[in-house]
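Architecture at a glance
Spelled out, the chains give:
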Amino acid sequence: MTDDTYAPNPVELATELTIAWLSNPNTRTTADDVPAFLAQMHASVQSLVGGNEVAAAPSDEPKEYVGAVTARKSLSSPDHIISMIDGKPYKTLRRHLATNGMTPQEYRDRYNLKADYPMVAPAYSEARRTMAKSIGLGRKPGQTNAPKADAPAAKPAPRKRKTEEATAE
């Protein structure tokens, strides 16, 4: 019994894949791009057939990111923070960063920002703080709003006795 294993030819496979790619009506390319695509496809197929991993070009140095605006400009308005990714104003950067696949710490690291760089605009933060205090968040159970020091305390009206209420009717 012979062990006939099919050993695909990487050149033929790469050629067939390139032909399929070019025959797709949605592929928009120029003639100059075809040889580069064929070479890349051949290298990929060769690594799959041969079992060798194609070593990606090692990038020892991290990519330098340049912000759309400076850090000072991004914090210039109390109403919003300007994103260094796209240069647009936001009241809070957390959701914007999440849609770009970043955490606040990664954002700070990418643009060399200080650890205390805010993620929320000051005016928005104050508005949320005021609203939270007005609905009673942050108090212990059973605790009421304390009267302000400059406001006089209102005296409760004297309560009528039950006999007085009955005669008044």
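Residues numbered from 1 in each chain as written. Predicted model: local features only at pLDDT ≥ 70, side-chain atom pairs only at ≥ 80, totals over all residues. Heavy atoms only, no water.

So, on to the packing of helix H1 (residues 10-23) against helix H2 (residues 33-50). Contact geometry of H1 with H2 gives a least axis separation of 8 Å together with a crossing angle of 135°. Between H1 and H2, the interaxial angle falls into the category oblique. Considering only the axes of H1 and H2, their crossing is right-handed. In this structure, H1 contributes Pro-10, Val-11, Leu-13, Ala-14, Thr-15, Leu-17, Thr-18, Trp-21 and Leu-22 to the contact, and H2 contributes Val-34, Phe-37, Leu-38, Met-41, His-42, Val-45, Gln-46 and Val-49. Here the residues of the contact of H1 with H2 are counted per class, giving 13 nonpolar, four polar and no charged. (Axes fitted to C-alpha atoms, helices over the stretch in contact; angles between N-to-C directions. Helix = DSSP H or I, 4+ residues; strand = E, 2+ residues; numbered from the N terminus. Parallel < 35°, antiparallel > 145°, perpendicular 65-115°, else oblique. Left-handed = near helix turned anticlockwise from the far one by under 90°. Contact = heavy atoms within 4.5 Å. Nonpolar A, V, L, I, M, F, W, Y, C, P; charged D, E, K, R; others polar.)

Quick look at the pattern of salt bridges now. All chains considered together, the criterion is met by one salt bridge. The salt bridge involving Glu-126 is made with Arg-129; its shortest N-O contact spans 3.4 Å. Within this pair, Glu-126 and its partner Arg-129 are both found in helix H6 (residues 122-134), separated by three residues, close to a single helical turn. According to the relative accessible area criterion, Glu-126 is partly exposed, its value standing at 40%. Judged by relative accessible area, Arg-129 falls into the partly exposed class, the value being 46%. (Salt bridge = Lys/Arg side-chain N within 4 Å of Asp/Glu carboxyl O. Buried < 20%, exposed > 50% of the residue type's maximum accessible area, 1.4 Å probe, protein only.)

Ranked by internal contacts, the top residues of the largest apolar core, which has 13 residues, are Met-84, Leu-93, Leu-97, Tyr-107, Leu-113, Tyr-117 and Met-119. With residues near it in sequence (within four places) discarded, Met-119 still touches Ile-81, Lys-91, Thr-92, Leu-93, Arg-94, Leu-97, Pro-104, Tyr-107 and Arg-108. (Core = buried A, V, L, I, M, F, W, Y, C linked by side-chain atoms within 4.5 Å.)

Turning to the packing of aromatic side chains, a few remarks are in order. For the coordinates displayed, the defined rule picks out four aromatic pairs. Judged by centre distance (3.8 Å) and plane angle (20°), the rings of Trp-21 and Phe-37 are stacked. Highlighted residues: Trp-21 in helix H1 and Phe-37 in helix H2, separated in sequence by 16 residues. Its relative accessible area of 25% is what places Trp-21 among the partly exposed residues. The class of Phe-37 is partly exposed, set by a relative accessible area of 21%. Considering the side-chain rings of Tyr-107 and Tyr-117, the 6.3 Å spacing of their centres and the 50° angle between planes classify their relative orientation as tilted. Within this pair, whereas Tyr-107 is found in helix H5 (residues 104-110), its partner Tyr-117 is found in the loop between H5 and H6, the two being separated by ten residues in sequence. The class for Tyr-107 is buried, based on a relative accessible area of 0%. One aromatic cluster is present, built from ring pairs that chain together Tyr-65, Tyr-107, Tyr-111 and Tyr-117. In this structure, Arg-110 packs its charged tip against the face of Tyr-65, placed 3.8 Å from the ring centre. (Phe/Tyr/Trp six-rings, centres within 6.5 Å; stacked < 30°, edge-to-face > 60°. Lys NZ or Arg CZ within 6 Å of the ring centre and 35° of its normal.)

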